[in-house]
Each structure stands twice: as C-alpha cells, then as structure tokens.
Amino acid sequence: MSKSLLYHYFPSKEAILFAVMHAHIGDLLEVRAECRTVSPTQERFLAITKSLLRRYAGAADAQKVLLYELDSLSAAERTEIVGGQRRLIDFVEGALADARPLLAKDPARLRVSVMLYFGMLNWSHTWFDPSGKVSRDELARTVVETMLSNEE
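Residues numbered from 1 in each chain as written. Predicted model: local features only at pLDDT ≥ 70, side-chain atom pairs only at ≥ 80, totals over all residues. Heavy atoms only, no water.

K.L.:
How should the overall build of the protein chain be read in this particular structure?
P.N.:
Across its full length, the protein chain carries 8 helices and 0 strands. Counting from the amino terminus, the protein chain carries its helices and strands in the arrangement α-α-α-α-α-α-α-α. When burial is assessed residue by residue, the protein chain has 38% of its 152 residues classed as buried. Total accessible area on the protein chain stands at roughly 8700 Å², and carbon and sulfur atoms take up 56% of it. Here the protein chain carries 19 positive and 20 negative side-chain charges, and the mean point of each set is 0 Å from the other. (Helix = DSSP H or I, 4+ residues; strand = E, 2+ residues; numbered from the N terminus. Buried < 20%, exposed > 50% of the residue type's maximum accessible area, 1.4 Å probe, protein only. Areas by Shrake-Rupley, 256 points an atom, 1.4 Å probe, with all protein chains shown as cover. Lys, Arg positive; Asp, Glu negative; His and termini not counted. Charge placed at Lys NZ, Arg CZ, Asp CG, Glu CD.)

Have a look at this one:
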C-alpha cells in the first residue's frame with residue numbers, strides 16, 4: 001500500500017494511531033462478553049487471562065502503540081481510549097475481587113494487584129516465546145496462580 005493511498009483513508013498520522021488503538025482496545029473489551037458467565041470465579045479469572053493473552057498474540061505492534069502513543073492523540077480521542085482501558089481494568093478488577101474476597105475488602109491493594117496483573121500481560125510481548133516450552137495457556141495459568149496465591 002502506498003503512503004498516498006493510506007492518507008486517502010486517514011487524514012493524519014494521529015488518525016492512524018487512533019484507529020489502531022481503537023481497534024485493539026475494542027478487541028480486548030470483547031473479553032468481557034466472552035467470559036462474563038464463566039464460573040466458578042477462579043475459572044472465570046483464568047478464562048479472562050487466557051482470552052486476553054490470545055488477543056495479545058500477534059498484536060504486539062498494536063499493544064506498543066497503545067502503550068507508547070496515547071499522548072499523540074487529541075484530548076477527545078485519548079478520553080475515548082482511556083475510557084476503554086478503564087472499562088477493561090474495572091472488569092478484571094471485579095473478576096479478581098470475586099476470586100480473592102479478602103483482597104476485595106482493600107480497594108487500594110486490589111487496584112495495585114490489577115495493575116500488576118496488566119503489567120505482566122502487557123509486557124509479555126517483549127519476552128514470551130509462544131513456540132517455546134511454555135504454551136500461552138500455561139503462561140495464563142501461571143499468571144493466575146501468581147495473582148491468586150496471596151489470599152490471606
């Protein structure tokens with residue numbers, strides 16, 4: 001595709017960035033509908049993690065754009081993308097609270113735990129080798145075991 005053809009569909013580089021981010025966050029948000037009815041709660045948290053990791057597969061470039069280029073968007077576009085991120089964070093936070101009821105009683109620690117969870121997933125594209133000895137589903141199970149192992 002030529003640059004001129006690309007700019008026929010997108011008026012600016014920022015519009016391309018927004019389209020990439022919007023599509024990626026939209027894909028990640030589909031996890032909510034896919035996993036909402038899975039039970040019991042720990043299995044639901046595992047299903048969410050597997051689903052997110054499957055969506056991150058092959059989306060390293062989109063994930064990098066989302067992580068590094070948010071400030072390149074207009075205020076309105078940034079608000080829309082951040083709103084999607086917050087909906088995803090809130091969904092995962094609810095699932096983690098259900099799986100770890102004692103943690104749910106401490107909202108500050110719960111939020112820190114959720115952000116650590118996303119830190120594990122969001123950066124897996126930099127080091128995880130899906131053709132290695134550990135499968136993506138095994139990685140998901142390890143993440144979940146780590147997140148659920150601290151219940152007092």
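Let us keep going from here.
K.L.:
Teacher, can you tell me more about helix α5 (residues 75-99) here?
P.N.:
Every α-helix carries 3.6 residues per turn, so stepping three or four residues along brings you back to the same face. Relative to the 36 Å expected for 25 residues at 1.5 Å per residue, α5 spans 36 Å between its end C-alpha atoms, a close match to the ideal helical length. Within the sequence span of α5, burial applies to I81, V82, G84, L88, I89, F91, V92, E93, A95, L96, A97 and A99. (Expected span 1.5 Å × (residues − 1).)

K.L.:
Please clarify how unusual backbone geometry should be interpreted in this entry.
P.N.:
Comment: phi is negative for the bulk of residues other than glycine, and the bulk of peptide bonds are trans. With an omega of 0°, the peptide bond running from S39 to P40 counts as cis. Along the chain, the position of P40 falls in the loop between α2 (13-35) and α3 (41-56).

K.L.:
How do you make sense of the pattern of salt bridges when you look at a structure like this?
P.N.:
Side chains carrying opposite charge are able to pair once their charged atoms draw close together. Evaluated as defined, the whole model comprises 7 salt bridges. Among the ionic pairs, D27 bridges to R55, the shortest N-O distance being 3.5 Å. Here D27, found in helix α2, pairs with R55, found in helix α3; they are 28 residues apart in sequence, far enough to count as distant. With a shortest N-O distance of 3.2 Å, D98 and R44 are connected by a salt bridge. One end of the pair, D98, is in helix α5; the other, R44, is in helix α3, with 54 residues separating them in the sequence. (Salt bridge = Lys/Arg side-chain N within 4 Å of Asp/Glu carboxyl O.)

K.L.:
It is not clear to me how the nonpolar core should be interpreted in this structure. Could you clarify?
P.N.:
In a soluble, globular protein the nonpolar side chains are often hidden away together inside. Ranked by internal contacts, the top residues of the largest apolar core, which has 42 residues, are F45, I48, L52, V92, Y117 and F118. When contributions to this core are tallied by element, the ones reaching two or more residues are α2, α3, α4 (60-68), α5, α7 (107-122) and α8 (136-148). Discounting chain neighbours no more than four positions away, the residues touching L52 are L28, V31, L88, V92, Y117, F118 and L121. (Core = buried A, V, L, I, M, F, W, Y, C linked by side-chain atoms within 4.5 Å. Contact = heavy atoms within 4.5 Å.)

K.L.:
I'm lost on the packing of aromatic side chains in this one. Help?
P.N.:
Aromatic ring pairs are described here by two measures, namely the spacing of the ring centres and the angle between the planes. The full count for this structure, using the stated rule, is 4 aromatic pairs. Look at Y68 and W123: their rings are 5.9 Å apart centre to centre, the planes differ by 65°, and that puts the pair in the edge-to-face class. Of this pair, Y68 sits in helix α4 while W123 sits in the loop between α7 and α8, placing them 55 residues apart in sequence. Ring pairs connect the aromatic residues F45, Y117 and F118, which therefore count as one cluster. (Phe/Tyr/Trp six-rings, centres within 6.5 Å; stacked < 30°, edge-to-face > 60°.)

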